[in-house]
Amino acid sequence: MELERQSVAALQQFGRTYRAYAAAFEQRLGLPLARWRILHALHQQHDAIAQKALADRVGMDPGALTRQLKAMQELGWVERSTSERDNRVTHVTLSQAGQELVAQLMPVRSAFLEDVLAEVSAATMQDLSRGLAQLEAGIAHALARNAEMAEAADAG
């Protein structure tokens, strides 16, 4: 029971920490973390990427990604086009304005990360990374178990 209480408290702290990080990130860079993740992924890509592959790369729900991309396209940061070979596929690229925005924000992001990590040791970051990987594995296990239970309920 004590382990469960501690685990729930740690997961709640993780949520609070992430929300605080995202808010501070948005305040410093002037755009939401989700949009930055998309811009940064497109910047690293260097050429067009299928929207589904981009959703996988940034770990976003495809519907949420579409909403973000539409808004970013209106801002002139990204360009979207339908594949000539398969009209069900939409390709995304970083526009010139998007490239300029990323170039402008990269040093701001680096300074922000330096501020965030100033009091955190490399060993702590390694431990945190290992712990988060274990947590992700546990989440994947829970999702698989949910699917098994849903199948059993449907069969029964």
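Our subject is the structure that appears above.
Residues numbered from 1 in each chain as written. Predicted model: local features only at pLDDT ≥ 70, side-chain atom pairs only at ≥ 80, totals over all residues. Heavy atoms only, no water.

Participant: Would you take a moment to explain the packing of helix α2 (residues 33-45) against helix α3 (residues 51-58) for this structure?
Facilitator: Two numbers describe a pair of packed helices, the interaxial angle and the distance between the axes. Where α2 meets α3, the axes come as close as 10 Å, and the angle between the chain directions of the two elements is 115°. As judged from the angle between their axes, α2 and α3 are roughly perpendicular. Handedness of the α2/α3 crossing: right-handed. Within the contact between the two elements, α2 uses Arg37, Ile38, Ala41, Leu42 and Gln45 and α3 uses Leu54, Arg57 and Val58. Residues of the contact of α2 with α3, tallied by class, amount to five nonpolar, one polar and two charged. (Axes fitted to C-alpha atoms, helices over the stretch in contact; angles between N-to-C directions. Helix = DSSP H or I, 4+ residues; strand = E, 2+ residues; numbered from the N terminus. Parallel < 35°, antiparallel > 145°, perpendicular 65-115°, else oblique. Left-handed = near helix turned anticlockwise from the far one by under 90°. Contact = heavy atoms within 4.5 Å. Nonpolar A, V, L, I, M, F, W, Y, C, P; charged D, E, K, R; others polar.)

Participant: Honestly, the nonpolar core in this entry has me stumped. Any pointers?
Facilitator: Soluble globular proteins tend to bury their nonpolar side chains together. If you look at the biggest cluster of nonpolar residues, it comprises 27 residues, and the most contacted ones within it are Ile38, Leu39, Leu42, Leu54 and Val78. Contributing elements (two or more residues each) for this core: α1 (2-29), α2, α3, α4 (62-74), β3 (90-94) and α5 (96-117). For this core, the element with the most residues is α2, which contributes seven residues. Among residues more than four places away in sequence, those in contact with leucine 42 are Ile49, Leu54, Val78, Val92, Thr93 and Leu94. (Core = buried A, V, L, I, M, F, W, Y, C linked by side-chain atoms within 4.5 Å. Buried < 20%, exposed > 50% of the residue type's maximum accessible area, 1.4 Å probe, protein only.)

Participant: Whenever I open this one, the packing of α2 against α4 confuses me. Can you help?
Facilitator: The contact between α2 and α4 brings their axes to 11 Å, and the two run at 80°. The orientation of α2 relative to α4 falls into the category roughly perpendicular. On α4, the residues that touch Ala34, Arg35, Ile38 and Leu39 of α2 are Leu65, Gln68, Leu69, Ala71 and Met72.

Participant: I keep staring at α2 and nothing clicks. Help me out?
Facilitator: Because an α-helix packs 3.6 residues into every turn, residues spaced three or four apart end up facing the same way. Given a rise of 1.5 Å per residue, 13 residues ought to cover 18 Å, and the 18 Å separating the end C-alpha atoms of α2 matches this to within 8%. Inspection of α2 places Leu33, Ala34, Arg35, Trp36, Ile38, Leu39, His40, Ala41 and Leu42 among the buried residues, and these make up the whole buried set. Note on α2: the residue one or two positions beyond its end, histidine 46, has a positive phi of about 70°. (Expected span 1.5 Å × (residues − 1).)

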